[in-house]
Amino acid sequence: MKIHPKSKVTTLLLLGCAVVAFAGTSFAADKLRVGGAVYGLKAEFANLWAAALKKHPAVKDGTVEVTIFDGRYDPLVQNNQIATMMTQKFDGIVLSPVDYNGSAPQIRKAAKAGIPVVVSNARVNSPDITSMVLSDDVKAGEIIMEEAAKRMGGKGNIVIFQGPIGHSAEIDRSKGIQTVLAKYPDIKVLEKKTANWSRAEGLSLMENWLTAHPNEIKGVIGENDEMALGALQAIKGRGLNVKDFVVVGIDGVPDAINAVKAGEMFSILQDAEGQAAGALDVALRAKVGESYEPKAAVWKQWEKEMPWNGGTEKAYFIPWTVITAENADDLLKHQKELISGS
Amino acid sequence: MQSNEPTAKTASKETVSKSRLAWLTQYGIIIAFLLLCVALTFLNKYFLTPENISNILLQTSINGILAMGMTLVILTGGIDLSVGSVLAFSSIVAATFVTGDNPQSPLVALLVGILTGAVLGLINGCIVAYLRIPSFVATLGMLSVARGLTYAYTGGMPVPNLSESFLNLGEGFFLGVPMPVLIFLLIFAILWVVLNHTTYGRSVYAVGGNVKSARTAGIATKPVTASVYVIAGLLAGLGGLILTARTSSALPQAGVSYELDAIAAVVIGGTSLSGGVGSIAGTLLGALIIGTINNGLDLLGVSSAYQQIVKGCIIVVAVLLDYSRHANE
């Protein structure tokens, strides 16, 4: 049989992998162990979020050990990971949820087991969470639509790029956009469609809209930066002047920050670092008790807008930062530092 | 193309109604495409404008290029599920050469991107041809490995700030034709000649038709099998470069599930998933049909949910036509 030696090699390889994997795990008993469950490490935002957890001051000074779990955009995967954290008796869970409803039953189990669950980045439909640290997506929709309306002088035609229909950020950002639109009867929505957060899809969609509505589109409302960047690319590709359009987006991804610098669009920063690190502080406070002092920079930065209040609030909302030509370079540098060496 | 001959031969022997059916299945794809275009012309006044036709070609070019490579693989009776991931990895690697203050020539990026794709394709090809792992499994593995490599390479971050001369690959024009379209049509022309007028092309069909008789006929079946995956990988790399140039930044999440659109184009184009039968011209039409539907439904303001439903129905109908053609033979 030819297969024999081959399968031996395979077994050895697998064993080797297992040994390496075990060697990489440290079993320090005195450290607090916190699981960071993130919706999917395919998004750059999620990578910044995970990097921020790993660079939290409490992790750096050795009091806390953070393990990152990639939810791979699947609520079931994320639930299984929360179950794994429970069997491993983690001291706390920081959860950036895949789905608004999907994790609720598993969160209930964790709460019953006495493990604090602090939600970060997006909301979940569960009464059992310890707290949440995030940015208000309804507010984000309002801010960008208000800015677009201002830049358009309160009138003109717009197209709206929505997130994946039913996604909590899509629902909330659309809601915010609608609230503001109700105030501007002279702004007309020509088209509204999802481009699934994707730049490539936004590009094609904008090309087709430019054809369907020649010389009619004034405003481009992207519910995230990627789709707005795709639209920008379509405008440029068509040989039109970007400055004749009002393009707005949300999130503050590097390319969008650069586009703001070039005066091509407006965007607001969703603070991945603040959301992750802030949530870890709230989780640690729940575990350690009143004596715990928050360590993340985000609490200092927004002392007035988001007071710590003993770390027992049910929700903390991190304000959106408007990206400007002045703060662009600092933001870019900071993101780069966060991701490197993590 | 090749499938033309047996059908025509059979048809001549059969009754008139049979030959009509054969004719319909043979040219159904072209008729479907023309009907689609006529319908959209009536429904939207912008559909049949030069600008919109250029749009459709532009939006079809990346899927079209992937589908060209996929056609060769499917002709040999295989499948390549990894092209979306190979596209992402090649473009990330290539982009790092044309970024920042000191970019290399876009030719370097072009070469690196294509080579990266070809190397991953070669790995696929060797696993399939020499280790005899089914292509579905081998390329399913590569789908995961190449995507993982992409995230590992950049830490999940995109590669932005690419040089202007590189972006020209996606946004530039040559003789009034957008560069991606030109590259797409060039690839089509090359592969059309290769498949229809070279020994290599004939051996690709032969391997997919019947490996044993191909071997008896003196064809080196293993290298031929391996080579189609190299071509598919190489073209995935090229597609990735164009996508990167069009989106002005290499994105690690690019190309997810692109393999499915490529396979759909091949299938709609009448190439049989069991191998040996099909044509590159069919794939060109298949890709154009997908691009035209997406474009047309965008122009009409139809929700993307219906876009997916329409596409799905067309795929199944195309395979039905394919089956009835086989039944004829």
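Within each chain, residue numbers correspond to sequence positions counted from 1 in written order. Going through the entries in the order they are written, you letter the chains from A and number the ligands from 1. Given that this is a predicted model, residues contribute local features only at a pLDDT of at least 70 and side-chain atom pairs are listed and counted only at 80 or more, while totals for whole chains, interfaces and linings are drawn from all residues. In computing side-chain properties, one takes all heavy atoms of the structure into account and sets aside hydrogens as well as water.

Caption draft 1: Quick look at the packing of aromatic side chains. Residue and element names in this part refer to chain A. Here the aromatic set is Phe, Tyr and Trp, taking the six-membered ring for Trp, and pairing holds for ring centres within 6.5 Å; pairs whose planes are under 30 degrees apart are stacked, those over 60 apart are edge-to-face, and all others are tilted. Tallied over the full model, the rule gives seven aromatic pairs over all chains. Plain terms: the ring middles of Trp308 and Tyr316 are 6.5 Å apart, the flat faces sit at 20 degrees to each other, and that makes the pair stacked. Each member of the pair, Trp308 together with Tyr316, is buried. Every member of this aromatic cluster is reached through a ring pair, and the members are Trp299, Trp308 and Tyr316. The ring of Phe90 carries Arg33 above its face, with NZ or CZ at 5.0 Å from the centroid. Burial status follows relative accessibility: with a 1.4 Å probe on protein chains alone, a residue under 20% of its type maximum counts as buried, one over 50% as exposed, and anything between as partly exposed. Lysine and arginine charges are scored as sitting over a ring when NZ or CZ, respectively, is within 6 Å of the ring centre and within 35 degrees of the ring normal.

Caption draft 2: Expanded view of the layout of surface pockets. Cavity and pocket criteria rest on a 1 Å grid covering protein atoms alone: a 1.4 Å probe that fits but cannot get out defines a cavity, protein on both sides within 12 Å along at least 5 of 7 lines defines an open pocket, and an atom within 4 Å of a point defines a lining residue. Grid points are joined across faces, edges and corners, and a volume is the space filled by probe spheres set on the points. For the second largest pocket, the calculated volume is near 1100 Å³. Taken together, 35 residues line the second largest pocket, and the ones lying closest to its centre are A:Asp255, A:Asn258, B:Pro160, B:Asn161 and B:Leu162. In this description a helix means any DSSP run of H or I spanning at least four residues, a strand means any run of E spanning at least two, and both kinds are numbered starting from the N terminus. When contributions to the lining of the second largest pocket are tallied by element, the ones reaching two or more residues are helix H9 (225-237), helix H10 (254-261) and helix H13 (328-339) of chain A together with helix H6 (135-154) and helix H7 (164-171) of chain B. Looking at side-chain class alone, the lining of the second largest pocket contains 15 nonpolar, eleven polar and nine charged residues. Under the grouping applied here, Gly and all other residues not named as nonpolar or charged are polar, the nonpolar ones being Ala, Val, Leu, Ile, Met, Phe, Trp, Tyr, Cys and Pro and the charged ones Asp, Glu, Lys and Arg.

Caption draft 3: Quick peek at the interface of chain A and chain B. With 27 residues of chain A at the interface, the matching set in chain B holds 34 residues. The term buried area denotes the loss of accessible surface (1.4 Å probe radius) that occurs when two parts are joined, taken as the sum for both partners. Summing both partners gives a buried area of about 2500 Å² for chain A against chain B, and 50% of it is carried by carbon and sulfur. When residues of chain A are sorted by the area they lose upon contact with chain B, A:Lys42, A:Lys193 and A:Asn208 head the list and together hold 22% of the total. The term salt bridge refers to a side-chain nitrogen of Lys or Arg lying within 4 Å of a carboxyl oxygen of Asp or Glu. Linking A:Arg238 and B:Glu51 is a salt bridge whose minimum nitrogen-to-oxygen distance equals 2.4 Å. Two N or O atoms count as a polar contact when they lie within 3.5 Å, although within protein this holds only if one can serve as hydrogen donor and the other as acceptor, and sequence-adjacent residues are included solely when both atoms are side-chain atoms. Across the chain A-chain B interface, the total number found is 17 residue pairs in polar contact (both at pLDDT 80 or more). Of all the secondary-structure elements, those providing two or more residues to the side of chain A that touches chain B are helix H2 (44-54), strand E7 (187-194), helix H8 (199-212), H9 and H10 of chain A. In terms of residue count, the dominant contributor to the side of chain A that touches chain B is H8(A) (ten residues). Throughout, a residue-residue contact means that at least one pair of heavy atoms, one from each residue, lies within 4.5 Å.

Treat this as a map of the structure, not an account of what it does.
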